[in-house]
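# Reading the structure
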Amino acid sequence: MTADPISPIPQSGRVREVPPAVAAMVDLIRQTWRQAEPYTPEISQFFYGMLFTLAPATRDFFPINMESQRGRLVRALVHIIQLVDRPDDLAPFLRQLGRDHRKFGVVPKHYEAVGTALLAALKRQLGDVWTPPVERAWAEAYTIIARSMQEAAGKDTNPPCWLATVAEHRRLSWDLALVRVEPEQQVPYEAGQYMSIEVPQRPRLWRYLSPANAPRPDGSLEFHVRAVEGGWVSRAIVSHTQSGDVWRIGQPMGRLAVNRESGRDVLMIAGGTGAAPLRAILDNLAQWGENPKVTLFYGGASREDLYDLEQLRALASTNPWLTVCPVVEHGEGLPGFAHGTLADVVTQHGAWPEHDVLVSGSPAMIRATVSRMLVAGTPLDRIRYDPFTID
Ligand SMILES: Cc1cc2nc3c(=O)[nH]c(=O)nc-3n(C[C@H](O)[C@H](O)[C@H](O)COP(=O)(O)OP(=O)(O)OC[C@H]3O[C@@H](n4cnc5c(N)ncnc54)[C@H](O)[C@@H]3O)c2cc1C
Ligand code: HEM
């Protein structure tokens, strides 16, 4: 995955008329962030210094070694603040994010401290550019977002997080592991959602993972984790997780789902471990007698990247509504495989105008695929992916 954000393609397709005052606010924020962004490390350092002075209890929410986070929160805050003109997309995500932040122990006064620290850090970096209208724009946008998160957090009756014991850890390849955990209590998620996870080898470094199974009666969750180069958490999970480890699991998030009532067939596009949430959705569909036709394009750089292909083919062999099409970028001559990127191969078949489309994978893969499909003529409101992720 790349470290840059998914470009803000509206998810809903209903591009609501943005009130001029909101448009002007977002313009000011974007203009000033363009100037500040190269200094994210300096801004982050000042931000954390001020936050830990204003609200010392928040220091414990973050890992001991802050180097491993490298401005994650500041980048996340700014990324989300810039989307304040897309309330239809942003509101459901903010509700999930606010509920999820309960796992850190965040309370309302911490939101105030984060807002003050962010604005002070930007002011310090931007100097004369930080005029009263600029300050008002940032403050207003932050307040809208923080309020929405806090309201959802205040209403949530779930526990702030769930404890789950690792029951199985199996290496599927040198850089990939399957981990099955058994939560103490059912985690109330829908197939296709993701959740943040903390593992004992990396305290307070939460990372998102997507269960590869629909909710089961025994509540167990299966994760597919690929170790990324230089990755703090993924490498620890793949190499050092053991049965008996206790994981903490945050609130389910995300909106990937199949609408069985839409009357439309479904196109699924999965890259790498992006297959996991789609497999969970297929797992759920397989419990029904009748389903829309589903075509799944499952792609990677080489054959080895399609670690779940045999299981997906097995699922297709017993569920005639499902067709699995493997795609590799390198590996000319592999019989039964299409060649190219997922974006190339999927759009070779046209615009898929009669389908609902689900895309899952790295931000770079999602961005490339969604952009190409829009150019090919796929209606925007038919495409679903989980936006707002910054890794
Ligand atoms: C919604 C969502 C669902 C996800 N589901 C899964 C899942 O089911 N299984 C899974 O294995 N991962 C999944 N991820 C990715 C996961 O959350 C972590 O980002 C990933 O495991 C890397 O974490 P890390 O701590 O090892 O790397 P970090 O220490 O955070 O990053 C180290 C370096 O690796 C780069 N990097 C981060 N992620 C990737 C990547 N995926 N590929 C290449 N380089 C990367 C970073 O930019 C950085 O340079 C998901 C991410 C999101 C946003
Ligand atoms: C408007 C307010 C906020 C927004 C939009 C926001 C957004 C986010 C997002 C998107 C992440 C995930 C980053 C990732 O892992 O990719 C995150 C992580 C985190 N947030 Fe918030 N947050 C807000 C307020 C707060 C507050 C008030 C606190 C309390 C101090 C807080 C503490 C944390 C911590 C500890 C993490 C995980 C560690 C890290 O990523 O640095 N956040 N936040």
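Residues numbered from 1 in each chain as written. Chains lettered and ligands numbered in written order. Predicted model: local features only at pLDDT ≥ 70, side-chain atom pairs only at ≥ 80, totals over all residues. Heavy atoms only, no water.

## Regarding the domain arrangement of the chain
Looking at the chain, the domain boundaries give domain 1 (20-155), domain 2 (162-249) and domain 3 (265-384). Contact with domain 1, which involves 17 residues of that partner, is made by eleven residues of domain 2. When domain 1 packs against domain 2, close to 980 Å² is buried across both sides, 45% of that on carbon and sulfur atoms. Along the contact surface separating domain 1 from domain 2 lie zero salt bridges. The biggest single contributor to the side of domain 1 that touches domain 2 is helix H4 (residues 87-100), with four residues. (Domains from an automatic or database assignment. Contact = heavy atoms within 4.5 Å. Buried area = accessible area lost by both parts, 1.4 Å probe. Salt bridge = Lys/Arg side-chain N within 4 Å of Asp/Glu carboxyl O. Helix = DSSP H or I, 4+ residues; strand = E, 2+ residues; numbered from the N terminus.)

## Considering the site of ligand 2
Residues in close proximity to ligand 2 total 23 residues, the closest being Gln69, Arg72, Leu73, His101 and Phe104. At 2.9 Å from a nitrogen atom of ligand 2 is found a side-chain nitrogen or oxygen belonging to His101. Of all elements in the fold, only helix H3 (72-81), helix H5 (108-126) and helix H6 (132-155) reach the threshold of two or more residues within the shell around ligand 2. (Near = heavy atom within 4 Å. Polar contact = N/O pair within 3.5 Å; in protein donor to acceptor, adjacent residues only side chain to side chain.)

## What about helix H11 (residues 363-376)?
Helix length check: H11 (14 residues) gives 20 Å between terminal C-alpha atoms against 20 Å at 1.5 Å per residue, within 8%. Those residues of H11 hidden inside the fold are in contact with strand S7 (265-271), helix H10 (342-348), strand S11 (355-360) and strand S12 (383-384). Positive backbone phi, approximately 110°, marks Gly377, located one or two places after H11. (Expected span 1.5 Å × (residues − 1).)

## Concerning the coordination of the iron atom of ligand 2
There is one protein donor for the iron atom of ligand 2, namely His101 (NE2), at 2.1 Å. Summarising the element assignment, His101 is placed in the loop between H4 and H5. (Donors = N, O, S within 2.8 Å, 3.2 Å for Na, K, Ca; no water.)

## A closer look at the sheet that holds strand S6 (residues 246-249)
Here six strands make up an open sheet; going across it, the order is S4-S3-S6-S1-S2-S5 and the pairing antiparallel. In this open sheet, the two strands that pair with only one neighbour each are strand S4 (207-209) and strand S5 (221-226). Taking each pair of neighbouring strands and ignoring which way they run, the sheet shows an average axis angle of 40°. Bridge count for strand S3 (residues 195-198) against S6 is two bridges, and the pairing is antiparallel. By the bridge assignment for S6, Glu198 is matched with Arg248. Those strands touched by helix H7 (residues 232-240) are strand S1 (162-173), strand S2 (176-183), S4, S5 and S6, and its axis lies near 115° from that of S5. (Pairing = 2+ DSSP bridges. Axes fitted to C-alpha atoms, helices over the stretch in contact; angles between N-to-C directions.)

## Things to note about the sheet that holds strand S8 (residues 294-300)
Ordered by their spatial adjacency, six strands build an open sheet running S10-S9-S8-S7-S11-S12, and the pairing between neighbours is parallel. Edge strands, defined here as strands with exactly one partner in the open sheet, are strand S10 (338-339) and S12. As defined by bridge partners, strand S9 (residues 322-328) adjoins S10 across two bridges and the pair is classed as parallel. Residue pairing for S10: Val328 is matched across the bridge by His339. Of the strands in this sheet, S7, S8, S9 and S11 touch helix H8 (residues 275-285), which is tilted by about 145° from S7. Helix H9 (residues 309-318) contacts S8 and S9 of the sheet and is inclined by roughly 155° relative to S9.

## Observations regarding the packing of aromatic side chains
Here the structure, examined in full by the defined rule, presents ten aromatic pairs. Geometrically, the ring pair formed by Phe104 and Trp206 is edge-to-face, given 6.2 Å between the ring centres and 90° between the ring planes. Of this pair, Phe104 sits in the loop between H4 and H5 while Trp206 sits in the loop between S3 and S4, and the two are 102 residues apart along the sequence. The exposure class of Phe104 is partly exposed, given its relative accessible area of 25%. (Phe/Tyr/Trp six-rings, centres within 6.5 Å; stacked < 30°, edge-to-face > 60°. Buried < 20%, exposed > 50% of the residue type's maximum accessible area, 1.4 Å probe, protein only.)

## Focus on the nonpolar core
A general tendency of soluble globular proteins is for nonpolar side chains to be buried together. If you look at the biggest cluster of nonpolar residues, it comprises 44 residues, and the most contacted ones within it are Phe47 and Trp138. Residue assignment for this core shows that the elements contributing at least two residues are helix H1 (20-36), helix H2 (40-54), H3, H4, H5 and H6. Residues contacting Phe47, with those up to four places away along its chain left out, are Leu73, Val74, Leu77, Val114, Ala117, Leu118 and Ala121. (Core = buried A, V, L, I, M, F, W, Y, C linked by side-chain atoms within 4.5 Å.)

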